[in-house]
Structure formats: structure tokens, C-alpha cells
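# Chain and residue survey
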Amino acid sequence: MKIDHFLIFRSSTIKEALKLIEKASRGLLILVNKDNIFERTITDGDLRRFILTGVSLSSTLENLPSKKSIIVPLNISISEVLEIMNKHYIEHLPQLDSKGKVVNIFFRKDIDNKILLSVPHIGEMEQDFVKTAFDTNWIAPIGPNVDEFEKELASEISVNYAAALSSGTAAIHLGLCILGVKKNDIVFCSTLTFAASAFPILYLGAEPVFIDSDEHTWNMCPKSLLKAFEKFKLIKKLPKAVIVVNLYGQTPDYDAIIEICNYYNVPILEDAAESLGSFYKDRPTGSIGKIGCLSFNGNKIITTSGGGMLVSNDKKIVDKAKFLSTQARENFSYYEHKEIGYNYRMSNILAGVGRGQLKVLKDRVNNRRQVFQNYKDSLSDIDEINFMPEPSWSRSNRWLSVLTLDKNSKFSLEKLFDILKEKCIEARPIWKPMHLQPIFKKSKFFSSAQTPISNKLFETGICLPSSSNLQLNQQNFIINVIRNFFNKK
Ligand SMILES: *Cc1c(COP(=O)(O)O)cnc(C)c1O
């Protein structure tokens, strides 16, 4: 990039400026004084607005107002440049030397090649459903897209009924309300999960009790669950519900867990926020618990930008969710309320996005599974790492590709995170278990292992970029960075 191609002076005419900005073809010029010292940036829009004040094309830039432009000094890293761009919502940044001369212009397009963990992947139908919502003025948390999205999703995962909500967290909250969780009640919950699985227990003033993971599934360990039930049976205080999470798209061994919960007659609330499109044996996830909760947050396998769904085969449960999510309004001509209600319904516009996304769910699952398989195949000769297992009865959507580093390996996980970060590759640790979180420090925790499995997974685990639109060259770039780190050719 030749800086000269962007420089323009107060004495230049508007016509010259227009020609130059066209030629430079990046929508940007830099106004400098006769000593080439930076004065301000000029965008296409700045020129347009200036012309609209009534000046002629042959007049000079003498009267163009001055503007405080954001600039960066020498010795700045690319990631700092990106941070400043993000903070100020700008696409370009001139870089000046100590005298004020422009030495470089950063354009976001050239430097923002960060590979993120999990990003939205929009299909071809979403905009049509949203457009119909606009055309028919269904701009509300009610409407045809909401009804259809519920029906289509219920059929996709073989449940009878569904209530579209504003988030997965809202679905878990209402699910617990409907299962009768009240102040001082006990709720069991998988410890290895995102905090949103457990926060709704606190919303209700109830007490979470966390259950460790099983090493073969990374999900709720049946032995630990049994241990917790036996303990609470002794003090005659059984939980009102068991929140079972399908971590990163994978299920626990549900046969074992269901047997225990049935024995104690306690319902399962299935947190399937991460596992839409996954299966336990031939059962789609979300359909396994008495209540299933789904999320359509921006980072999930399909998204409505933000949203969730509560599903069940029990019509009463789903009707109740619809009732509570619309302020618990009784069926009277006036506004009558007997219970606490919430404003948790999904918007008809967002449900349109969801209907489009649902059409490509199977492709998204296949893509994510391919991403996982590519990592696994390409890194299988590195002895120190192990991928998240998939038991024979499970078909995970591989929402995230996760691996662990052997504890006594000579390589450090922290260094791997550093190197990935340096290469603009976003990687994350595995969820920090709930029983280790400050907010839950008073909560009880049950494990059947000497050192909790979830602690080990947290200490050794790493989630790699897993988006369904992650390009093959990006995957191979990540793979090469990792292979290099482990000194593999
Ligand atoms: C994302 C997520 C949630 C919450 O869903 P939101 O739609 O973001 O409220 C709950 N549980 C788990 C396991 C999640 O990953």
C-alpha cells in the first residue's frame, strides 16, 4: 500500500478528492498539510455530506470542517489496533510517526482474520421468514413464526409440545417453576456446565447440589448421582428436580440416570442448550427429560441471535410455560393475576430466524462433526492429547471440539493458549465446574472419584474453534499451529 495514494490537501478540489478516493478504492483519504503532517481522515460519507452543503465540485477542501480522527502511534500490536477499532466502531486507523506523518493505514479487512470459537452460520431462508413478519406486521412476541417454529422444532426432536422463549436460561427458570421448585428446596445439577444451567436455581431461592462428571462421557456421573440421592434420602429431603446437562453436545448415560431418578421419583430437567441435533441411542436430545430446554444464543449450533425453547410431551407443562412467560395473565376480560409471571416469550421476528436455521440444522451438525473429525485425524499422532470421547450409544452434534492435555506432559496448556492467541485463534478452557465457582462456594458437591473428574477436565481441557462455517484452510492453519507447538512436522 502506497500512502501517497491516500493523501490529499486543503488546496485540492472536491473533484480531485472524488477521483482519488475512487482510485484508492478503500473509501478513505487522508487530509495532510503541506508538510505532509496528518490533519484528519476523509471518508466517502464525509465527501458526500460536504457536497450536500452546496459547494461545487471545483471548489477546494479549504472549508471542509476539521474533525478529530482516531490515530495510532508506531509500536502498536495488531491486536491493540483491532481493540481500538472495535471500541470506536471504525474500519480504518492511520498510523503516525512521532512527527505526525502518516506511515501506514490499518484497514480492518486486512487484519481481522481472527478465528473465533463458535459463530452464527446463517442459511438461505431466514431473511424470507423475517421479511414475512415485517410485511404482515407481526412484530411482537406472538405470531405465525412463533407458532410454526414451535411445531417444526417439536417435530424435529420428536416431542409433542414446545414453547418458544427469550433464552435458554428463561426455559430452565420456567422449567424449574413448573416442577414446583421453591425457596429452600434442593435441586441436583451437573457441575461441569455453563453457569446458566444453575443460576435459575438461585432465582427461586432454592439450593443447588452439584454432581461430578463421569470420565467416559464428561457428563453427570450416575454413581455420584446415586451417592447424592442416598445422602439426601437419609435426611428425608429429596431434590425437586435433577438438571442433567448434555455437555458440548454429548449426553450422559441416560439409562443409568433415568433409573436412579425414577427410583426416587424425581423428574429430570434436560439442559439441551448445547446439544440440539444430538442423540442418545435413537432418542433426540431435548426429548429425554420430563422437560427439555434449548438455547438459540449466537454461539449455539443454530441461533435466533438470542432465544430458547421449553419442550415436553406433557401438554400441561408447555401450556403452563406459555402462561408464565406472558405475565401469568388469567383468562379474564380484564387483567387478572394469581401467580408471578415473566416476560419471556420469543419475538415473532426472531422465530423467523429460527425457522430458517432449523432447516439447516442437519448440515450444521454434519459440518461440526467434520471439523471435529479433521482435528482428531490430523492430531492423532500427538500422544499427549485426548479428544472428548463419544460412547457407542451417543451421536454428539460436536457443538465444540474439545481435547485434553495429559497432566504429566512436558508441554504446558497455558503456553498452548498463548500461542493460539498470538495467532489470532480463539480457544477457551473447558467450563469451570460450578462447585469451584465463588458464587456456589456454599453448595454441596458429590463425586465418586478421589479427585473429581470435572476438576481434572477443567485443568487440562481446551475448546478449539468449531464453527460450522470454519473453512478447511482455517482448520488446517489451526492444526499446523498445534502440530508445531508439539514439535510435530
Ligand atoms: C448457553 C447455555 C445455556 C443458556 O442459554 P441462553 O440461551 O444463553 O440463555 C444454558 N445451559 C447451557 C449448558 C448452555 O451452554
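Everything below is about the structure printed above this text.
Read on for a plain summary of the structure.

Conventions we followed
- Sequence order sets the numbering: in each chain, residues are counted from 1 along the sequence as written.
- Where local features are concerned, this predicted model is filtered to residues with pLDDT of at least 70; where side-chain atom pairs are given and counted, the filter is 80 or more; whole-chain, interface and lining totals use all residues.
- To obtain the side-chain values, all non-hydrogen atoms of the structure were used and water was disregarded.
- Secondary structure elements are taken from DSSP: a helix is a run of H or I of four residues or more, a strand is a run of E of two residues or more, and numbering for both begins at the N terminus.
- A simple rule labels every residue: compare its accessible area, found with a 1.4 Å probe on the protein chains alone, to the largest value its type can have, and call it buried under 20%, exposed over 50%, or partly exposed in between.
- Every residue pair with non-hydrogen atoms within 4.5 Å of one another is taken to be in contact.
- The method behind every accessible area is Shrake-Rupley, applied with a 1.4 Å probe, and residues are considered shielded solely by the protein chains displayed.
- One heavy atom within 4 Å of a molecule or strand is enough for the residue carrying it to be called near that molecule or strand.
- Within 3.5 Å is the distance limit for a polar contact, defined as a pair of N or O atoms, with the added protein rule that one can donate a hydrogen and the other accept it, and that residues adjacent in sequence qualify only through two side-chain atoms.
- Paired strands, in this sense, are two strands between which DSSP finds at least two bridges.
- A pair is scored as a salt bridge if a Lys or Arg side-chain nitrogen falls within 4 Å of a carboxyl oxygen belonging to Asp or Glu.
- By convention a crossover is right-handed if, when the strands point away from the viewer, the path from the first strand over the helix to the second runs clockwise.
- Throughout, the arc means the angular range of directions from the helix axis out to the C-beta atoms.
- The definition used for a disulfide is geometric: two cysteine sulfur atoms within 2.5 Å.
- Grouping into patches uses exposed residues only, defined as over 30% relative accessible area, and leaves out salt-bridged ones; the cut-off is 9 Å for like charges and 5 Å for nonpolar side chains (Val, Leu, Ile, Met, Phe, Trp, Tyr).
- Whether two aromatic rings pair depends on their centres lying within 6.5 Å, for rings of Phe, Tyr and Trp, where Trp uses its six-membered ring; planes under 30 degrees apart make the pair stacked, over 60 edge-to-face, and the rest tilted.
- The rule for a charge over a ring is simple: NZ of Lys or CZ of Arg within 6 Å of the ring centre, and within 35 degrees of the ring normal.

## Some words on the overall build of the protein chain
Scanning the protein chain from N- to C-terminus turns up 16 helices and 21 strands. Summarising its shape, the C-alpha atoms of the protein chain cover approximately 85 × 70 × 40 Å along the three principal directions. Considering the protein chain as a whole, with its 489 residues, one finds that 53% of them fall into the buried category. By sequence separation, contacts in the protein chain at least 24 residues apart represent 68% of the contacts at least 6 residues apart. Put simply, the protein chain shows about 23,900 Å² of open surface, and 51% of that area lies on carbon and sulfur atoms.

## Overview of the site of the ligand
Taken together, 16 residues surround the ligand, and among them Gly168, Thr169, Glu274, Ser295 and Lys300 come closest. Between the ligand and the protein, one listed contact pairs an oxygen atom with a backbone N or O atom of Gly168 at 2.7 Å. Lys300 is positioned such that a nitrogen or oxygen atom in its side chain is 3.2 Å from an oxygen atom of the ligand. For the ligand, the accessible surface in isolation is 380 Å², of which the surrounding protein chains cover 94%. Broken down by element, the residue count for the shell around the ligand peaks at three residues, all from helix α7 (residues 168-178).

## Describing the sheet that holds strand β3 (residues 38-43)
Each strand in a sheet pairs with another by means of backbone hydrogen bonds, the pair being arranged parallel or else antiparallel. Pairing is mixed in the open sheet, where three strands are placed in the order β1-β2-β3. Looking at the sheet topology across the chains shown, the edges are occupied by β1 (7-8) and β3. Pairing geometry for β1 and strand β2 (residues 28-32), over two bridges, is parallel. Bridge pairing links Ile8 to Leu31 in β2.

## Details of the pattern of salt bridges
On inspection of all chains with the given rule, the structure shows 21 salt bridges. For Lys131, the salt bridge is made with Asp135, and the minimal N-O distance between the two is 2.8 Å. Taken together, the residues span about one helical turn, with Lys131 and Asp135 both in helix α5 (residues 126-135) at a distance of four residues. You can call Asp135 exposed: its relative accessible area is 55%.

## Examining the pairing of strand β11 (residues 268-271)
Every other side chain in a regular strand lies on the same face of the sheet, so the side chains alternate between the two faces. Here β11 shows a buried face lined by Ile268 and Glu270 and a second buried face lined by Leu269 and Asp271. With four bridges joining them, strand β10 (residues 241-245) and β11 adopt parallel strand pairing. Bridging across to β11, Val244 finds its partner in Glu270. Considered for its hand, the β-α-β crossover made up of β10, helix α10 (residues 254-264) and β11 is right-handed. Across three bridges, the pairing between β11 and strand β14 (residues 291-295) is parallel. Looking at β14, one finds that Glu270 is bridged to Gly292.

## Notes on the environment of Glu150
Take Glu150: it is sitting in helix α6 (residues 144-156). Taking the C-alpha atoms as reference points, Glu150 and Gly354, 204 residues apart in sequence, are found 9.6 Å from one another. Those residues in contact with Glu150, other than ones at most four positions away along the chain, are Ala162, Ala163, Ala164, Met309, Lys322 and Arg345. At 2.7 Å, the side chain of Glu150 forms a polar contact with the backbone nitrogen of Ala164.

## Digging into helix α14 (residues 413-422)
Every buried residue belonging to α14 is among Leu413, Leu416, Phe417 and Leu420, and all of these are buried. Down the axis of α14, the smallest arc covering the buried residues is 100°, so these residues share one side. For α14, the exposed residues lying more than 90 degrees away from the buried face are Glu414, Lys415 and Glu422. Contacts made by the buried residues of α14 are with β18 (401-405), β19 (428-429), α15 (453-460), β21 (461-464) and α16 (472-485).

## Quick word on the state of the cysteines
Inspection of the entire model under this criterion finds zero disulfides. Cys221 carries a free sulfur, and the closest cysteine sulfur to it, the one in Cys261, is 13 Å from it. With no disulfide of its own, Cys261 has Cys189 as its nearest cysteine by sulfur position, at a separation of 12 Å. Taking the relative accessible area as the measure of exposure, Cys261 reaches 1% and is therefore buried.

## Looking at a nonpolar patch on the surface
A surface patch of nonpolar side chains, amounting to about 370 Å² of accessible area, comprises Phe199, Leu202, Tyr203 and Ile439. Looking at where Tyr203 falls in the secondary structure, it is placed in helix α8 (residues 199-203).

## Considerations on the sheet that holds strand β12 (residues 279-280)
Read from one edge to the other, the open sheet built from three strands follows the order β13-β12-β17, with strand pairing classed as antiparallel. Of all the strands in the sheet, just β13 (283-284) and β17 (394-395) have a single pairing partner and so form its edges. Two elements, β12 and β13, share two bridges in a ladder whose sense is antiparallel. Its bridge partner lying in β13, Tyr280 is registered against Arg283.

## As for the packing of aromatic side chains
Within this structure, the stated rule accounts for 20 aromatic pairs. Between Tyr263 and Tyr264, the ring centres sit 4.9 Å apart and the planes meet at 85°, which makes this aromatic pair edge-to-face. Residue Tyr264 is classed as buried on the basis of its relative accessible area of 11%. For the ring pair Phe411 and Phe486, a centre distance of 4.8 Å and an interplane angle of 65° mean the geometry is edge-to-face. Of the two residues, Phe411 sits in the loop between β18 and α14 while Phe486 sits in the segment after α16, which places them 75 residues apart along the sequence. Like Phe486, Phe411 is buried. In this structure, Arg26 packs its charged tip against the face of Phe107, placed 4.1 Å from the ring centre.

## Observations concerning the side chain of His435
Checked against the element boundaries, His435 lands in the loop between β19 and β20 (444-446). A distance of 2.8 Å separates the side chain of His435 from the side chain of Thr191, its partner in a polar contact. Ignoring sequence-local partners within four residues, the contact set of His435 consists of Thr191, Phe210, Phe445, Pro452, Ser454 and Asn455.

Interpretation in functional terms is not warranted from these geometric data alone.
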